[in-house]
Amino acid sequence: LNRRLDGLGTTIFAEMSALAAATGSINLGQGFPDTDGPDAVRELAVEALRGGYNQYAPGPGYPDLRQAIAEHRRRFYGQTFDPDTEVLVTTGATEAIAAALLALVEPGDEVVALEPFYDSYAACIAMAGGVRVGVPLRPPAFGLDVDALRAAITPRTRVLMINTPHNPTGAVLTRAELTAVAELAVAHDLLVITDEVYEHLVFEGEHIPLATLPGMRERTVTISSAGKTFSFTGWKIGWVCASPELVAAVRTTKQFLTYVSGGPFQPAVAAALRLPDAYFAEFTADMRTKRDILAAGLEAAGLTVYRPRGTYFVTTDITPLGFDDGLDFCRRLPELCGVVAVPEKVFFDDTEESQKIGRPLVRFAFCKRESVLTEAAERLATLR
Ligand code: PMP
Ligand code: GLN
């Protein structure tokens with residue numbers, strides 16, 4: 001195996017979902033909803049499968065989907081992107097992340113990323129030959145430490161990688177935090193990749209796209225995806241919005257990774273992006289209720305709960321239950337009470353300091369039916 005891939009074995013999501021399947025446990029590990037998105041949207045995919053969309057889509061994605069992506073960014077954030085030159089359809093945000101990093105990072109370049117970090121960032125930075133430098137988000141608030149960010153930037157820094165709303169902590173970066181990121185990016189002339197797949201999952205405050213801040217439009221690659229917003233995580237349609245130069249760079253790598261992305265899902269995602277405002281408002285409100293149910297249930301079960309302002313996930317500390325290592329805890333949880341969660345320490349650096357923070361943290365997903373969330377919390381309460 002290529003040494004760049006050392007330590008990257010099997011993702012924690014695959015391990016924990018396999019454990020859930022093997023033990024019949026409630027799976028609050030991997031983040032996917034247990035209810036599909038809108039029927040009308042799904043029917044459009046069915047229609048596309050019946051004919052017209054079963055051969056290779058155009059490399060950058062169907063023009064109507066690129067148009068719909070641009071319309072969505074304008075409707076919600078007032079951003080303007082040219083659908084022909086500034087939008088690229090990808091195979092989920094996962095491919096967008098890989099293609100962007102492979103396009104922008106040269107061997108030895110440093111990529112500064114928020115720690116804990118979504119697992120594919122570490123893997124893709126490594127595959128690009130880059131060096132990951134973490135900037136800590138720490139409990140209880142998981143706010144951005146601007147001094148630490150400033151200190152992390154060196155002459156070798158090439159890219160800042162931002163993720164808001166943030167997986168796994170549920171943090172939503174504030175305007176002040178994003179302004180600090182933007183000022184540093186401009187001052188050091190850095191490129192920025194921003195992963196905004198949870199853009200419609202903000203429960204308090206608002207989602208501010210980094211590219212809307214002064215000086216950022218030209219240097220930012222914005223990534224999002226249909227999976228979370230429309231509850232079709234299996235469709236794997238994502239996108240990149242950026243300047244023509246940056247989109248062209250990402251398109252170059254994308255064309256040699258997958259060439260094109262899932263044709264029959266593209267017209268359906270275009271329609272989904274054009275759903276009325278009420279769809280998005282109801283989606284957020286529904287997920288907020290689920291957040292509240294799970295957070296209350298986990299608190300009642302005795303865990304320390306760090307209430308998230310966004311995403312699908314609640315971060316907890318398991319210390320009050322008498323455990324100290326989240327990975328051991330998650331591996332034993334199915335046998336102890338029939339629940340699966342994800343240990344967060346795998347999203348932290350290997351240093352002693354980082355592992356000490358990450359060790360007792362465990363992430364629970366709340367994108368599930370309310371009865372499932374309640375049942376999971378009741379099972380966890382039996383551990384006391
Ligand atoms: N980024 C983050 C922060 C995620 O949580 C996920 C998982 N949905 C992805 C990217 C990947 O998104 P997709 O399923 O669209 O590839
Ligand atoms: N993004 C989801 C999560 O964090 C799923 C990730 C995956 O399976 N790669 O749980």
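Per an unreviewed UniProt entry, the protein goes by Pyridoxal phosphate-dependent aminotransferase and derives from Yinghuangia aomiensis. Note on the protein: under the UniProt heading Cofactor (unreviewed entry), the record states "pyridoxal 5'-phosphate".

A. Looking closely at the nonpolar core. Ala100, Leu101, Val240, Val250, Leu298 and Phe364 are the most contacted members of the largest nonpolar core, which totals 122 residues. At 10 residues, the largest contribution of residues to this core is made by helix H4 (residues 92-104). Contacts of valine 250, omitting those with residues within four sequence positions, involve Leu88, Ala99, Ala100, Ala103, Val221 and Val240.

B. View of the sheet that holds strand E11 (residues 313-317). Strand order in the open sheet formed by four strands is E10-E11-E14-E13, with antiparallel pairing between adjacent strands. Both outer strands of the open sheet, strand E10 (304-306) and strand E13 (342-343), are each paired with one neighbouring strand and no more. In the sheet, E10 pairs with E11 via three bridges, with the strands oriented antiparallel. Bridge assignment links tyrosine 306 to a residue of E11, and that residue is threonine 315.

C. Representation of the site of ligand 1 within the structure. If you check the shell around ligand 1, you find 14 residues, and the closest are Gly92, Ala93, Thr94, Asn167 and Ser225. Elements with a minimum of two residues in the shell around ligand 1: H4 and helix H8 (226-229). With three residues, H4 is the single largest residue contributor to the shell around ligand 1. A breakdown of the residues in the shell around ligand 1 according to their chemical character gives three nonpolar, eight polar and three charged.

D. Summary view of the UniProt feature "domain: Aminotransferase class I/classII large" (unreviewed entry) in the protein. Taking the UniProt record as the reference, the feature "domain: Aminotransferase class I/classII large" (unreviewed entry) is found at residues 26-377. Here residues 26-377 is 42% helix and 18% strand, with 10 Å between the C-alpha atoms at its ends.

E. Focus on the sheet that holds strand E6 (residues 157-163). Sheet architecture is open: eight strands sit in the order E2-E9-E8-E7-E6-E3-E4-E5, paired in mixed fashion. Two strands close off the open sheet at either side, each with one partner strand: strand E2 (87-91) and strand E5 (143-144). Pairing analysis gives four bridges linking strand E8 (residues 220-225) to strand E9 (residues 237-241), with the strands arranged antiparallel. Paired with serine 224 across the strands is tryptophan 239, a residue of E9. The sheet strands contacting helix H9 (residues 244-257) are E2, E8 and E9, and the helix crosses E2 at an angle near 25 degrees.

F. Up close: the domain arrangement of the protein. Taken as a whole, the protein is organised into domain 1 (3-30 + 278-381) and domain 2 (39-273). On a C-alpha basis, the centres of domain 1 and domain 2 stand 24 Å from each other. The interface of domain 1 with domain 2 comprises 29 residues on the first partner and 29 residues on the second. Sorting the residues of the side of domain 1 that touches domain 2 by element identifies helix H11 (277-300), E11 and helix H13 (352-358) as the ones contributing at least two each.

Here is what the cut-offs are and how they apply
- Residues numbered from 1 in each chain as written.
- Chains lettered and ligands numbered in written order.
- Predicted model: local features only at pLDDT ≥ 70, side-chain atom pairs only at ≥ 80, totals over all residues.
- UniProt positions renumbered as here; feature names shortened; annotations may be inferred.
- Core = buried A, V, L, I, M, F, W, Y, C linked by C-beta atoms within 7 Å.
- Buried ≥ 20, exposed ≤ 12 C-beta atoms within 10 Å, placed from the backbone.
- Helix = DSSP H or I, 4+ residues; strand = E, 2+ residues; numbered from the N terminus.
- Contact = placed C-beta atoms within 7 Å.
- Pairing = 2+ DSSP bridges.
- Near = placed C-beta within 6 Å.
- Nonpolar A, V, L, I, M, F, W, Y, C, P; charged D, E, K, R; others polar.
- Axes fitted to C-alpha atoms, helices over the stretch in contact; angles between N-to-C directions.
- Domains from an automatic or database assignment.

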